[in-house]
Structures are given as structure tokens and as C-alpha cells.
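# A structural walkthrough
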There are 2 protein chains.
Amino acid sequence: MERKIDLNGFLENKQNFIPHLSIDSVIFGFHQDQLKVLLLRVHDSGVWSLSGGFVRMDEGIDPAALRILRERTGLENIYLEQYHTFGHEERSKNNTLADILDFGHTEEFRNSWLNKRFVSIGYYALVDFSKVNPTPDSFSDKAAWFDLKDLPPMIFDHREMIDKALESLRANLDTKLVGFNLLPETFTMPELQSLYETVLGYPLRRNNFQRKMLGMDILERIEKLYTGAANKAPYLYKFKAPSIEAV
Amino acid sequence: MERKIDLNGFLENKQNFIPHLSIDSVIFGFHQDQLKVLLLRVHDSGVWSLSGGFVRMDEGIDPAALRILRERTGLENIYLEQYHTFGHEERSKNNTLADILDFGHTEEFRNSWLNKRFVSIGYYALVDFSKVNPTPDSFSDKAAWFDLKDLPPMIFDHREMIDKALESLRANLDTKLVGFNLLPETFTMPELQSLYETVLGYPLRRNNFQRKMLGMDILERIEKLYTGAANKAPYLYKFKAPSIEAV
DNA sequence: GTATTATTGTCTCAAAATGGGAAAATAATA
DNA sequence: TATTATTTTCCCATTTTGAGACAATAATAC
């Protein structure tokens, strides 16, 4: 079979990455009232993975995570949070790259540093869905958004990594007010509420939600948004504090 | 100068540890109304470090952390929580082992894998102070408890690791009810309150604290504790749910 | 015994936060 | 001008929390 993936330099670790250590980021987006994650399809397979990469020997892990995200999304300023490090000894033994990939130089790959045991530092990123330009990496041929409730088969323990990232996101939603990073600059109250309901997984009451949000004094009310619908036009808001900030 | 430290096998990584990756644990204890951490004194120096170690190639990170803790404390069942991974590229460049140690085989050490850049997975452990048997490791000549408010000079970024661990502990104190792991099997309400006040760093009201704790229905009231003091004897309680559990 | 002292445990009321229903406001359409 | 579908505001009952006061009690002093 023809080799389609360019692993030049990777197999020999020419970039001098820290061996046995990887970074994987769960990239969350919000679109049409659904919480989405950006995934990469492993080349010529039906198996998907998180956006991941490695840490250069002279590079901090946060900058490494941001570099990887920049490459996958085209975005410069991204809300990023480290949430857990995954290091079960068997974690890379299910749906291994070697199992999935079949591109001729298998033997070379099997013996390379890439096919060894990895400990992976998990980050999650919150992005404005509409601004992302999904871009595959050397190991993948496609990047696409998936509804969190309808995930495809995933490599390694990446499914578990997503589940745990969502847990962290839920826990931080109220305390750190991170939700705003999933929305565009301006948004309506119903949009914000839908975001909260989607992330948390249960419905909230309009009146009390609005009272709570306005009571925190973190929103600035802009003008009204006339959508053309035959009903009262909602106000547009923007988040007072500068979005982003973390890592 | 005479070599006092036994680094046999370490310099050549005979145990086949994952390179560039370490584990460090902040071991919390509670004694005489003070929050303590167990530290190790780097051999022949005034610099102290957390309990740390490395991960074997065929070992999960949680078991590795538990193994290290077992060796330092003599305890078998320990409440352990992974809270953050530290990977700044310069983190091991302050107060390096090579800077501190001066035991003859310096050159050999400087070139060894031990003196390279490390990413460290941070755990914190909650233990019953009175049950711990502090034991130094190959790099240290002494193990001792320190009040969190009176820490000695520390190696690398270990001071920062402690600060961040305390943050996590505070955040988990109420939600996960982890505090009980710092107390003996049975305890009085004032003891429990003092623990909370010490961890959180601010005073609480007796009446409301008791109402809250009893209201959660997690405490079992045992008999009274007669201390010999000229006042009402407090009740003893024990935590209903089995302590420990995490990792 | 009885009073005293130092704590611990309980009670109560006010204030604040939350849950939940209903009414008012309003943008387009009929 | 009435109607419809939302958004926004208002209000009240309930729960939770804050804070002071009081009751209980174990040893000691007298």
C-alpha cells in the first residue's frame, strides 16, 4: 500500500521532542445549541483522535499546547486549561496507531519512538466555533466537528479524555465564568442560557438565569437585536472582563 | 568530598524509568491546629524537596505515585489526588540538584539523565499525621514536617507546587469532603472545624459549621470524649463513608 | 453540695439567595 | 388593531445562610 502520510522527521524524532510525553487538547465549540469537539481523522481510517502533539526539549508544556492549537485551528488567542494528565500504562494499547495505520513502512513505525508508551497531558480549549479553521496534522487527513453526544470511534483513551474534560468544564463554568469563550463577542441572553444548559446537561429557568447573570455585573448590555422574528427582540450583551486568560 | 548518597543504578537509569518525567507529591498532614507538609532535605544541604520519584516504563502514573508515597510514609492506603502537571521549560533550573549537591561524582551526575529537563506530575496526598513514619529517599538525608506557613528554601519550583496544591485542596474541601482524610478515625467537632479553618485560612462560626456538617448526614456520633478539662465534653464523630478513595 | 468557669451544643430570628409562577413588554404578522 | 411568540421584569413562597443568644455540662473551687 502506498504511503500517504508524511512522517518525515517524525520517526526519527528530528525535532527533538520529549519522548514518551504527549499533549492532547479537547477543543470545545458551541454551534446550533450543541456542544462540539474538533476531531482529526487518522489517515485512511474510521478512527478519530484529539488534537495532539509533542513537547520540544526546550519548550514549556503550555506554549506547546498553544502551538498545537494554533496549527489545528488557525487561532491565536485561545482559552486553554490543563485539566488532567493521563498515564495509565496501557492507555496507548487500544486502537494503536500501528493497529490503524497500514501504510507500508509499518516495521519502521513499530520500532520508532512514536509507537512507545506515552503519558499525555490533557488540556481543553474553548473557542469561537465560527472563527475556527479546522486543519488536519501529519497523522490525519481530515478535521471535523462532532456533537459531543454523537462521537465517532476514537483512538487510545481519547474518549475518556473527552469525558473528563467535560467534567472539568462543567465544574469551571460557574466559578471561572469560562463559558463566554465559547460564544462570539456579542450574544443574547437566550443564547447564553442555551450554552449553559448544553454544557450542564439540564434545563434552567429563564427568569432565574437572567437574574443570576445580570446580578454578577459582568455583562454589558448593548443594543437590541432585530432578527425579523415576530416577537420581542432580545438585547445583545458582551462580557465585560476580557475573555481568554488562562494558561 | 566523600560521596554520601547512594545513587547506584540511578545515574544509569537501571530501573528503566521514563526519562524527563517525574512525579512529586505534596503530603499534607494536620497537627496541633496547623497544616503541615512532609518534606525531604536534600543530602548535606539546607534545601528541601517534595516527595518525588520516577515512573517505570511499565507502570501507571497513579500506581507510581502510590509506590513513592508508600516508601516515604510507610502507609498503605492513602488519599491521593493528581492536581496539576508542571512543565515550564526552566522549572528545574533553579536550585538544581547539581547546584546543591557536591559529592565528588559531579561530572558523572551532570551528564546523567537525572540532570535533564523534567516535566513533573503533581499529586497531593492527605494523611493521618500520627500514622506517618517519615522516611528519606536516596537523594535526601532527612524527612520532616513543616508548617505550611513556615516553609524552608525549596528545590526547583517545589514551593509553587505546594501553593497550587493548597489551592486545589481548598477547592475540594467542601465538594469532595476530602478533609476527613487528614484526621484520625474519630474526632470532635471543634477539631474538624479547626481543620477547615486552617485549610481555608479564615474563621468559621461554631453554630453554623456544626449545623452544616450534621446536616449533610455524613457523620456518625459516637460517645463523648472526656478530656479532663473543666467544661462540657465534646462528642466524638466518625466519617460514615469510607475514607480514602481517589486515584 | 453549690457556685464558678470554660467549652460545647442548640435554638431562634433576620437577611439573603433560590425556586417557581405570572404578568408586562414588544417585534412582526394577520 | 388584534394576535402570536418571545423576551424581560416582577413578585411571593421557600430554603439557605449569617449572627446572636441561650442552654448544657465537666471539672474545679469553695
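What you see is a predicted model, and the numbers here were worked out from it, not measured in a lab.

Analysis parameters
- Residues numbered from 1 in each chain as written.
- Chains lettered and ligands numbered in written order.
- Predicted model: local features only at pLDDT ≥ 70, side-chain atom pairs only at ≥ 80, totals over all residues.
- Heavy atoms only, no water.
- Near = heavy atom within 4 Å.
- Polar contact = N/O pair within 3.5 Å; in protein donor to acceptor, adjacent residues only side chain to side chain.
- Helix = DSSP H or I, 4+ residues; strand = E, 2+ residues; numbered from the N terminus.
- Nonpolar A, V, L, I, M, F, W, Y, C, P; charged D, E, K, R; others polar.
- Contact = heavy atoms within 4.5 Å.
- Buried area = accessible area lost by both parts, 1.4 Å probe.

## Digging into the protein's contact with DNA strand D
In the neighbourhood of DNA strand D, 24 residues make up the surrounding shell, with Arg206 and Tyr235 of chain A together with Asn207, Lys224 and Asn231 of chain B lying closest. What you see for DNA strand D is that sugar and phosphate hold 52% of its atoms within 4 Å of the protein. Within the side chain of Lys232 of chain A, a nitrogen or oxygen atom sits 3.3 Å from a sugar or linking oxygen of DNA strand D. Within the side chain of Asn207 of chain B, an N or O atom sits 2.3 Å from a base oxygen of DNA strand D. Mapped onto the surface near DNA strand D, the elements with two or more residues apiece are helix H5 (189-200) and helix H6 (206-215) of chain A together with helix H6 (206-215) of chain B. Here the element with the most residues in the surface near DNA strand D is H6 of chain A; it accounts for four residues. Split by residue class, the surface near DNA strand D holds nine nonpolar, seven polar and eight charged.

## Some points on the protein's contact with DNA strand C
Inspection of the region around DNA strand C gives 24 residues, with Asn207, Lys224 and Asn231 of chain A together with Arg206 and Tyr235 of chain B positioned closest. Within 4 Å of the protein, atoms of DNA strand C come from sugar and phosphate in 52% of cases. Here a base nitrogen of DNA strand C sits 3.2 Å away from a polar atom, N or O, in the side chain of Arg206 of chain B. Counting residues per element, the ones that place at least two in the surface near DNA strand C are H6 of chain A together with helix H5 (189-200) and H6 of chain B. For the surface near DNA strand C, the element with the most residues is H6 of chain B, which contributes four residues. In the surface near DNA strand C, the residues fall into nine nonpolar, seven polar and eight charged.

## Thoughts on the interface of chain A and chain B
Size of an interface, as often reported, equals the accessible area lost when the parts are brought together. Facing the 21 residues of chain A at the interface are 21 residues of chain B. Where chain A abuts chain B, roughly 1,500 Å² becomes buried across the two surfaces, and 61% of that area is made up of carbon and sulfur atoms. Residue assignment for the side of chain A that touches chain B shows that the elements contributing at least two residues are strand E1 (17-31), strand E4 (51-56), strand E5 (79-86) and strand E6 (119-126) of chain A. Looking at the side of chain A that touches chain B residue by residue, the classes come out as nine nonpolar, seven polar and five charged.

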